[in-house]
Amino acid sequence: MDGHLSMMNMTSGRAVRVAFQGTVLAVFALVMAKSLAQSLIPSPGCLYATHVGDSEQPACEMKDPLDLQQNDHMLRAMKVLGIDRKTVQFRGCLGLLLSVSEMRGGAGPRYVVNYPADIPVVRLIAPLLHELAHVAQMQEAGGATELSSLNNMMSKKIELGADFLAGHLFKVEFKEFELNAFEQNLLVHGLYREMAGREHGDPRQRDLAFRRGVFGRDADLVNATTSQLIRIFRDELYQLVIR
Ligand SMILES: [Zn+2]
């Protein structure tokens, strides 16, 4: 089945990642910093964005070695998406997997964008826009759990929606990049392996979703807000992309 939700809870220096696959629950733990005693919920599916299987993310401090917090591309993307920059924390470590997490109940930023600090920034921009699109999706839905529910627990629907938004971002803000290279960077850091419940969409579907965002000329896409775009993809375009 399609449904999949990944969660990471951090308590007492121990992180427990909980993977729901329909009603199937898998739990495993990894050591994390004690300072992160907050609930951390990676966005559905994207925990698997850069690797295959259930390998664990390494312990990683809440630092931003590539200074993405001040990165012009990230600031521009957040502005277009309507994301308050103060709600997002970037966290990078060597070998860290690209993902986005929701932190509930804490005083700090609500969303954490995790990234590998050993990849040149220019190659990270496209997939980071995909992660910021997840932030926008969670913001629109009210949180990670709500996002999953709105998408019937279908990771593929959420992932293709993020690719669609990344395409929209390219169209309205990032035309300085060459389209094919941008898309290649977007997709190369995305998972392609159709594991039940963790689908990101196959390459053709991701290409269709991204290019719909770039080239979609439908009247209702032209002046749509980010929230409207998210809903249009969820309610209408997704079915067209996966046909
Ligand atoms: Zn994703």
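Attention in this report is confined to the structure presented alongside it. Bear in mind the structure is a predicted one, so any value in this text is a computation, not a measurement. Numbering of residues starts from 1 in every chain and runs along the sequence as written. Confidence filtering applies because this is a predicted model: local features only for residues at pLDDT of at least 70, side-chain atom pairs given and counted only at 80 or more, and all residues used for totals across whole chains, interfaces and linings. With hydrogens and water stripped out, all remaining heavy atoms of the structure feed into the side-chain values.

## Considering the packing of helix α2 (residues 121-141) against helix α5 (residues 179-188)
- Two elements in contact, α2 and α5, have axes whose closest approach is 8 Å; the angle formed by their N-to-C orientations is 70°. Accordingly, the angle class assigned to the pair α2 and α5 is roughly perpendicular. The hand of the α2/α5 crossing is right-handed. Mapping the contact onto sequence places Val122, Arg123, Ala126, Pro127, Leu129 and His130 in α2 and Phe182, Asn185 and Leu186 in α5. What counts as an axis is a line fitted to C-alpha atoms, over the stretch in contact for a helix, and the angles between N-to-C directions run from 0 to 180 degrees. Here a strand is any run of E in DSSP of at least two residues, a helix any run of H or I of at least four, and the numbering for each starts at the N terminus. These descriptions rest on fixed angle ranges, namely under 35 degrees for roughly parallel, over 145 for roughly antiparallel, 65 to 115 for roughly perpendicular, and the rest for oblique. Left-handed is the label given to a crossing in which the near helix is rotated counterclockwise from the far helix by less than a right angle, and right-handed is the label when the rotation is clockwise. We call two residues in contact when some of their heavy atoms are within 4.5 Å.

## Considering empty space enclosed by the protein
- A 1.4 Å probe that fits but cannot get out identifies a cavity on a 1 Å grid over protein atoms alone, an open set with protein on both sides within 12 Å along at least five of seven lines counts as a pocket, and a residue lines either if it has an atom within 4 Å of a point. Grid points are joined across faces, edges and corners, and a volume is the space filled by probe spheres set on the points. Per the stated rule, a full pass over the model turns up three cavities of 30 Å³ or more.
- The calculated volume of the largest cavity comes to roughly 70 Å³.
- Gln137, Leu147, Asn151, Lys157, Ile158, Gly161, Phe164, Leu165, Leu229, Ile230, Phe233 and Arg234 together form the lining of the largest cavity.
- Elements supplying a minimum of two residues to the lining of the largest cavity: α4 (155-173) and α8 (226-241).
- A per-element tally of the lining of the largest cavity places α4 first, with five residues.

## Structural notes on the packing of aromatic side chains
- The rule is short: rings of Phe, Tyr and Trp, with Trp giving its six-membered ring, pair when the centres are within 6.5 Å, and they are stacked under 30 degrees, edge-to-face over 60, tilted in between. In total, this model carries seven aromatic pairs according to the counting rule given.
- A centroid spacing of 6.2 Å and a plane angle of 40° characterise the contact between Phe174 and Phe177, whose relative ring orientation is tilted. No difference in accessibility class separates Phe174 from Phe177, as the two residues are buried. Summary of the burial criterion: residues with accessible area below 20% of their type's maximum are buried, those above 50% are exposed, and those between are partly exposed, where the area comes from a 1.4 Å probe applied to protein chains only.

## As for α2
- Multiplying 1.5 Å by the residue count of a helix minus one yields the expected span of that helix. With 21 residues, α2 extends 29 Å from end C-alpha to end C-alpha; this agrees with the ideal 30 Å at 1.5 Å per step.
- Of all the bends in α2, the greatest, near 35°, is centred on Pro127.
- With respect to burial, α2 is a largely interior element, 17 of its 21 residues being buried.
- A positive backbone phi angle near 105° is found at Gly142, which sits one or two residues after α2. Note on bend: the value at a residue is the angle between axes fitted to the seven residues ending there and to the seven starting there.

## A few points about the nonpolar core
- One finds Met74, Val88, Phe90 and Leu132 to be the most contacted residues of the largest nonpolar core, which totals 54 residues.
- Among the elements that line this core, the one with the most residues is α2, at 11 residues.
- Discounting chain neighbours no more than four positions away, the residues touching Phe90 are Lys63, Asp64, Leu68, Gln69, Met74, Met78, Val113, Tyr115 and Leu132. To form a nonpolar core, buried Ala, Val, Leu, Ile, Met, Phe, Trp, Tyr and Cys residues must be joined to one another through side-chain atoms within 4.5 Å.

## Topic: the packing of α4 against α5
- Direction vectors running N to C along α4 and α5 enclose 150°, while the axes themselves pass 12 Å from each other. The angle between the axes of α4 and α5 places the two elements in the roughly antiparallel class. For the pair α4 and α5, the sense of crossing is right-handed. Taken together, the residues of α5 that come into contact with α4 (itself represented by Asp163, Ala166 and Phe170) are Leu179, Phe182 and Leu186.
- Three classes are used: nonpolar for Ala, Val, Leu, Ile, Met, Phe, Trp, Tyr, Cys and Pro, charged for Asp, Glu, Lys and Arg, and polar for all others, with Gly counted as polar. Among the residues making up the contact of α4 with α5, the classes are represented as five nonpolar, no polar and one charged.

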